[in-house]
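Here are the chains, one letter per residue:
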Amino acid sequence: MIVFYTWEEVQWHKVERRILRYQQRIYKASLKNNISLVKVLQKIIINSLDAKLLSVRKVTSFNIEKKTSLINGKTYITSEQKIRLVEKLRVDGKTEFHLSKKKSFAKNLLDRPTISDRAKQALVLFALEPEWEARFEANSFGFRPGRSCHDAIEAIYLSLANTNQKPIYYKYVLNTNIKDCFENVDHKFVLSKLNTLPEIKSQVFAWLNAGILGTREIPTFYSNFISAIPRHAHMKAPQEVIMRFFLINVVLHGLETDLKNWVCSKIPIGASKKMSRRDKMKSLACVRYGSDFIIIHKSKTIVHESKVFIKNWLNSTSKFQLNSNKTQIVCSSNGFDFLGFKIISLQRDNKTKIKIYPSKKSVLKITANVGDIARKNRSLSAYDLIKILRPIVIGWANYYKYCECKKVFGKIDSNIWQILQSWVFRRDRLHGRYKIKEKYFPSGRIYKFDNRIYYDNWVFFAKRQGKNGKMEEIWLPRMQWIKKEKFVKVKGNLSIYDRNFDYWILRFFKYGISGSLKKSLFKRQKGRCTWCKNSFYPTDFIEIDHIIPNKEQRNDSFDNLQLLHKHCHLKKTQLEK
């Protein structure tokens, strides 16, 4: 039991570690198929004060939209409100969603669960996720802790790779997704497949029945998140539907295994008569990211028949339906788009190689996004415009740096430069072009980015006088300054709950932390938070903090920066006020 008097006094690192130990025990019991022990531990978690505290923190302090998510007049911003929410949080099979529908709020808020419902979803997920992480198939990557879009793309690359070095080599690909996942789902099937505690079943049924998990806000959010301005390679489910993508993974669990067993039963064609059962299973690849998935096989007939098999499989289980508008069967030599990437097999010099690029749609979206921001902020200062564009440009480039990106980054740099040039000459018509150029794109400057030095006369630059009287400078880095990197797929069925701490910390450092500054601070601090002295873990939110606050002295030097857990950063900031 935790003893505290205010929200600020909670020792979060101890709370997190206690819940993690329970989750690790659930994972281990699930691996051994010890269902009775799994349910006992899940019962402990959903009634645990620790888990309730973490659930409320997740949907309030860690939710960037908490101030705009005003549902039923409740925002839960203050510490007292958060504590009251913790005290009344129960997995009781009820939902406030019906109540919110009866209120006369704006239409865009009607499909949003209340913060109380979101906290319940987070609480239930703490109990269910480790059990299913021990069961999920190896090539299921969507919205799972420790797995990302890049794992899915790398899995596709490995499935298409020409390992035998044949001069002409290609495979056929079924690219599809699920239509309106929870609109017509069989509720009984979902609950029976969960096979969990009665109180959790009744709670999930309440959410399904209320329509929370079928909110129509997700497709737009999901599309923008993937293709336009991806914020992070390890994508997490939106706060408003914490359980949605987890339940999709549960419902679709088993599809890959059944597909592989099905392909073994097919009549062998040609040389496949000599194939062993193991080789037949390996010949078909199924890569899934949430409700989007790819089926790969060298036989076009089998790929066509796999589409029929999937339709029948879905109809006999969850009643999900394939989205016919987004279902296509293509040859890998023609290429296909998945998660914002273009994947294609190319024949050159009697060799076949798999190439992965940012898709044309993604390139158009980032260019249009930068153009829209520039047009909507014509009166903004150059300094403030760069502050808006910098994380968008760097975030997009960091997402696509694990592919053949050099030429594409150069093209986007050129497009962004033309947009900014128009923005600059539109706002300043009094001076000559040379003077305007030198003001916004100064010559002879040296820029340091990602521990490398660059000399460039056409970098968008701005400066202003800070509160302490000193001049503050900022510039917009070129995408080409972000170098291509190799991504290594997560090993097999490994999970963050498997106690393989060294593997996940190394992976977190390599792929979970973006930017050389954060990585340098991580190495300097030896992977530990300087505030609570505890190690960072792959599921942690970490932020850069100024040791000496900026309000006292503007100092952005490396020596004045440190990495902190988000909750440690919030606590430090409160003490500095």
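Residues numbered from 1 in each chain as written. Predicted model: local features only at pLDDT ≥ 70, side-chain atom pairs only at ≥ 80, totals over all residues. Heavy atoms only, no water.

### Regarding the overall build of the chain
Counting its secondary structure elements, the chain contains 21 helices and 14 strands. In the chain, which comprises 577 residues, the share counted as buried stands at 55%. In the structure as shown, the chain presents an accessible area of about 28000 Å², 52% of it carried by carbon and sulfur atoms. (Helix = DSSP H or I, 4+ residues; strand = E, 2+ residues; numbered from the N terminus. Buried < 20%, exposed > 50% of the residue type's maximum accessible area, 1.4 Å probe, protein only. Areas by Shrake-Rupley, 256 points an atom, 1.4 Å probe, with all protein chains shown as cover.)

### Looking at the environment of Ala161
Positionally, Ala161 belongs in the loop between helix H7 (149–160) and strand E1 (172–179). For Ala161, a relative accessible area of 16% corresponds to the buried category. Between the C-alpha atoms of Ala161 and Lys353, which are 192 residues apart in sequence, the distance is 7.1 Å. Excluding its chain neighbours within four sequence positions, the residues that come into contact with Ala161 are Tyr169 and Ile354. (Contact = heavy atoms within 4.5 Å.)

### Digging into the environment of Arg427
By the element assignment, Arg427 lies in helix H17 (residues 406–427). The class for Arg427 is partly exposed, based on a relative accessible area of 33%. Measuring from C-alpha to C-alpha, the distance between Arg427 and Ser381 comes to 9.9 Å, with 46 residues separating the pair along the chain. Residues within four places of Arg427 in sequence aside, it is in contact with Arg378, Ser379, Leu380, Ser381 and Tyr440.

### Section: the sheet that holds strand E7 (residues 341–348)
Pairing between sheet strands relies on hydrogen bonds along the backbone, with the strands arranged either parallel or antiparallel. Taken together, three strands build an open sheet; the order of strands is E6-E7-E8 and the sheet is antiparallel. Two strands bound the open sheet, and with one partner strand each, they are strand E6 (336–338) and strand E8 (351–358). In this sheet, neighbouring strand axes are inclined to one another by 30° on average, regardless of whether the strands run parallel or antiparallel. Sheet analysis places E7 next to E8, joined by eight bridges and oriented antiparallel. (Pairing = 2+ DSSP bridges. Axes fitted to C-alpha atoms, helices over the stretch in contact; angles between N-to-C directions.)

### Quick notes on helix H16 (residues 382–400)
Compared with the 27 Å implied by 1.5 Å per residue over 19 residues, the 26 Å span of H16 between its first and last C-alpha is a close match. Of all 19 residues making up H16, 14 are buried, and the element is well covered by its neighbours. (Expected span 1.5 Å × (residues − 1).)

### Comments concerning a nonpolar patch on the surface
On the surface, Leu37, Val40 and Ile44 cluster together into a nonpolar patch covering about 210 Å² of accessible area. On the secondary structure map, Val40 appears in helix H2 (residues 35–46). (Patch = residues over 30% accessible without salt bridge, like charges linked within 9 Å, V, L, I, M, F, W, Y side chains within 5 Å. Salt bridge = Lys/Arg side-chain N within 4 Å of Asp/Glu carboxyl O.)

### Regarding the packing of helix H3 (residues 49–59) against helix H4 (residues 79–88)
Following both chains from N to C, one finds H3 and H4 inclined at 135°, their axes separated by 9 Å at the closest point. Relative to H4, H3 is oriented oblique. Crossing of H3 against H4: the hand is right-handed. Here Leu49, Lys52, Leu53 and Val56 of H3 come into contact with H4, specifically with Lys82, Leu85 and Val86. Classifying every residue of the contact of H3 with H4 by side-chain character gives five nonpolar, no polar and two charged. (Parallel < 35°, antiparallel > 145°, perpendicular 65-115°, else oblique. Left-handed = near helix turned anticlockwise from the far one by under 90°. Nonpolar A, V, L, I, M, F, W, Y, C, P; charged D, E, K, R; others polar.)

### Comments concerning the confidence of the model for the chain
Here the chain shows a mean pLDDT of 84. Residues at 70 or above account for 87%. For the chain, helix H10 (residues 218–228) is the element with the lowest average pLDDT, namely 35, and H2 is the one with the highest, namely 96. Of the regions scoring below 50 in pLDDT, residues 65–73 engages in 28 contacts with residues more than four places distant in sequence or in other chains. Note on residues 99–111: pLDDT under 50 across the span, and 22 contacts to partners over four residues away in sequence or across chains. (pLDDT = per-residue confidence, 0-100.)

### Observations regarding the packing of aromatic side chains
Aromatic ring pairs are defined here through the distance separating the ring centres and the angle between the ring planes. Applying the stated rule across the entire model yields 30 aromatic pairs. Ring geometry for Phe487 and Tyr511: centres 4.4 Å apart, planes at 45°, overall tilted. Of this pair, Phe487 sits in the loop between strand E12 (471–475) and helix H19 (501–512) while Tyr511 sits in helix H19, and the two are 24 residues apart along the sequence. Using a relative accessible area of 3% as the deciding quantity, one classes Phe487 as buried. (Phe/Tyr/Trp six-rings, centres within 6.5 Å; stacked < 30°, edge-to-face > 60°.)

### Considering the pattern of salt bridges
One pass over the structure, following the stated rule, counts 19 salt bridges. For Asp92, the salt bridge identified is with Lys120, shortest N-O distance 2.7 Å. Placement of the pair is Asp92 in the loop between H4 and helix H5 (97–102) and Lys120 in helix H6 (residues 115–133), with a sequence separation of 28 residues. Judged by its relative accessible area of 39%, Asp92 is partly exposed.

### Brief notes about helix H18 (residues 433–440)
Among the residues of H18, Ile436, Lys437 and Tyr440 are the ones counted as buried. Seen along its axis, H18 keeps its buried residues to an arc of 100°; they face one direction. Counted as exposed and oriented over 90 degrees from the buried face of H18: Tyr434, Lys435 and Lys439. Turning to H18, the residues buried within the fold contact H16, H17 and strand E11 (461–465). (Arc of directions from axis to C-beta.)

### A look at a positive patch on the surface
Side chains of Arg25, Lys28, Lys32 and Arg499 sit close together on the surface and give a patch of like positive charge. Residue Lys32 is classed as exposed on the basis of its relative accessible area of 60%. (Lys, Arg positive; Asp, Glu negative; His and termini not counted. Charge placed at Lys NZ, Arg CZ, Asp CG, Glu CD.)

### So, the state of the cysteines
All chains considered together, the criterion is met by zero disulfides. Distance from the sulfur of Cys568, which forms no disulfide, to the nearest cysteine sulfur (Cys532) is 3.7 Å. Among the residues examined, Cys568 registers a relative accessible area of 4% and is labelled buried. (Disulfide = S-S within 2.5 Å.)

### Re the nonpolar core
Core analysis: the largest hydrophobic core is formed by 152 residues, its most contacted members being Met243, Phe246, Phe338 and Phe460. When residues of this core are assigned to their parent elements, the largest contribution, twelve residues, is made by H16. Not counting the four nearest positions on each side in its chain, Phe338 is found in contact with Ala152, Ile153, Ile156, Asn175, Tyr289, Asp292, Phe293, Ile294 and Ile343. In terms of nonpolar packing, the next biggest core, distinct from the first, is built from 13 residues, Ile505, Leu521, Phe522 and Leu564 among them. (Core = buried A, V, L, I, M, F, W, Y, C linked by side-chain atoms within 4.5 Å.)

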